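Inside the fold
Residues per chain are reported as follows:
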Amino acid sequence: MRHSSYLEINLNLLSENLGKIRALSGKATVLPMVKADAYGNGLIPVTQHLVKEEGIKKIGVASLGEALKLVKECPSLDVEYLVFSDTEISDPRHRSAYVDFNITPVIHQPEDLNHMLNDERMKDVPLVVKVNTGMNRLGFALAELEGNLPRLKARGIQHLMTHFAYSYVPQKAGDKTTRQLEEFAKARKLLADGGVSVAETSTANSGAIEQKIGVDETYVRPGLMMYGPYSVEPRVWDGHQISKFVTKVIKTFPVKKGTPVGYGVNVAGEDGFVAVLPVGYGDGIPTFASGVKLTVNGFPCTIFARVHMDMTFLIFSPDVAGKMKTGDVVEIWNHDNRVITDIATQMKMIPYALMCGITGRIPRIYKIK
Ligand SMILES: *Cc1c(COP(=O)(O)O)cnc(C)c1O
């Protein structure tokens, strides 16, 4: 167990974010997404907090495996898991998981409907149907809904949903989000005209919720914003980054212009002062983080030379010598959601990928204020 390099995850801030999301979401119920280890924040502790402290009743994951992990590790949690992409329902052995536990697959193509209707064991599993409204990833095309109207009518749809491809951009008349909303309205009309009952609906992910799009449906499905980062620029979402990436300086030294540092030949462009951090690509700092500018303990610096597996170099101006030393605590990002977004943007990444990429070598420490 490491002691000085960790992600500190403040669950109280998660609750505050959820409160703000609820305020943005009108009557819609929040159905949080905890896929990909809750975006790197820890599947089990985040889910337990959301269910036990926040009264969440339905939670979204990407794979059946994630749902089963939750069932196994938190057997007493009273919550329904929705599996949004990797349902594995074509395999009869895996279908039994949906029957035995409180797990629901989101079906996204006609073959999935066959498995739901033809397997007698699946008769009480609710029909949750994803519609392709223009993202062109998963989801029934409208023609596929139309071709299956009698079968859908017989069973009834519990929850009809779609997913936006472009909700991180402020909505404008005629743009992709608008066209997707129009297509979703057409899907609903087609089903209504065909006599198919639809009990519940949802469309919105974080970018949409930030813009109050889709907040009049039954559910909203936030992922990213719950954990802190904003999607829409200019920034409207001022939620807290719930994690803080903390490490400690293990060595400092002055460098003269032209001094090579680390693997390869990466020379200091100017005289400077270097701090070595004990985290590298083995911890999820990407190799292309080199060149990123950040502020550490009030001092501007740059990630310098190559990112190593176990170490990263920060270079400061020479006058930082004496003001920063071995053992000083460094926050690579903090609870201000602008910091992680700024770092990720400089890396030509998105905060989603940066958070998901922090490896298991970084302990997650949970805090409630
Ligand atoms: C991941 C996901 C979300 C959450 O998206 P964010 O942009 O992280 O808010 C919502 N709905 C579906 C179907 C998803 O796959």
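This text goes with the structure placed above it.
In this text the structure is predicted, and so the values were computed from the model without any measurement.

A look at the packing of aromatic side chains
For the structure shown, the criterion picks out five aromatic pairs. On the basis of an interplanar angle of 85° and a centroid distance of 6.5 Å, the ring pair of F299 and F316 is categorised as edge-to-face. In this pair, F299 sits in strand β14 (residues 299-304) while F316 sits in strand β15 (residues 312-316), placing the two residues 17 residues apart along the sequence. Taken together, the aromatic side chains of Y39, Y227 and Y352 make up a single cluster linked through ring pairs.

What about helix α1 (residues 11-24)?
Between its terminal C-alpha atoms α1 stretches 20 Å, which fits the 20 Å expected from 14 residues at 1.5 Å a residue. On its buried face, α1 sits against β1 (6-10), β2 (29-30), α3 (43-52), α10 (206-210), α11 (224-227) and β17 (364-367). One side-chain oxygen of the residue at the start of α1 lies 2.9 Å from the amide nitrogen of N12, identifying that residue as N10. G26 lies just past α1 and shows a positive phi near 55°.

Here we look at the state of the cysteines
Evaluation of the coordinates by the stated rule reveals zero disulfides. Left unpaired, C356 is separated from the closest cysteine sulfur, that of C74, by 19 Å.

Some words on the packing of α3 against helix α4 (residues 64-73)
Packing of α3 against α4 leaves a shortest axis separation of 11 Å and a crossing angle of 70°. With respect to α4, the element α3 is oriented roughly perpendicular. Every residue of α4 that contacts α3 at L43, I44 and T47 is listed here: E66, K69, L70 and E73. Classifying every residue of the contact of α3 with α4 by side-chain character gives three nonpolar, one polar and three charged.

A few points about α4
An α-helical turn contains 3.6 residues, so any two residues separated by three or four positions project in the same direction. By the burial criterion, the buried members of α4 are L64, E66, A67, L70 and V71. Axial view of α4: buried residues confined to an arc of 165°, hence all on one face. Each element contacted by the buried residues of α4 is listed here: α2 (35-40), α3, β3 (58-63), β4 (80-86), α5 (92-100) and β5 (103-107).

Concerning unusual backbone geometry
With an omega of -5°, the peptide bond between E233 and P234 qualifies as cis. As for its position among the elements, P234 is in the loop between α11 and β10 (243-248).

Procedures and definitions
Residues numbered from 1 in each chain as written. Predicted model: local features only at pLDDT ≥ 70, side-chain atom pairs only at ≥ 80, totals over all residues. Heavy atoms only, no water. Phe/Tyr/Trp six-rings, centres within 6.5 Å; stacked < 30°, edge-to-face > 60°. Helix = DSSP H or I, 4+ residues; strand = E, 2+ residues; numbered from the N terminus. Expected span 1.5 Å × (residues − 1). Contact = heavy atoms within 4.5 Å. Polar contact = N/O pair within 3.5 Å; in protein donor to acceptor, adjacent residues only side chain to side chain. Disulfide = S-S within 2.5 Å. Axes fitted to C-alpha atoms, helices over the stretch in contact; angles between N-to-C directions. Parallel < 35°, antiparallel > 145°, perpendicular 65-115°, else oblique. Nonpolar A, V, L, I, M, F, W, Y, C, P; charged D, E, K, R; others polar. Buried < 20%, exposed > 50% of the residue type's maximum accessible area, 1.4 Å probe, protein only. Arc of directions from axis to C-beta.

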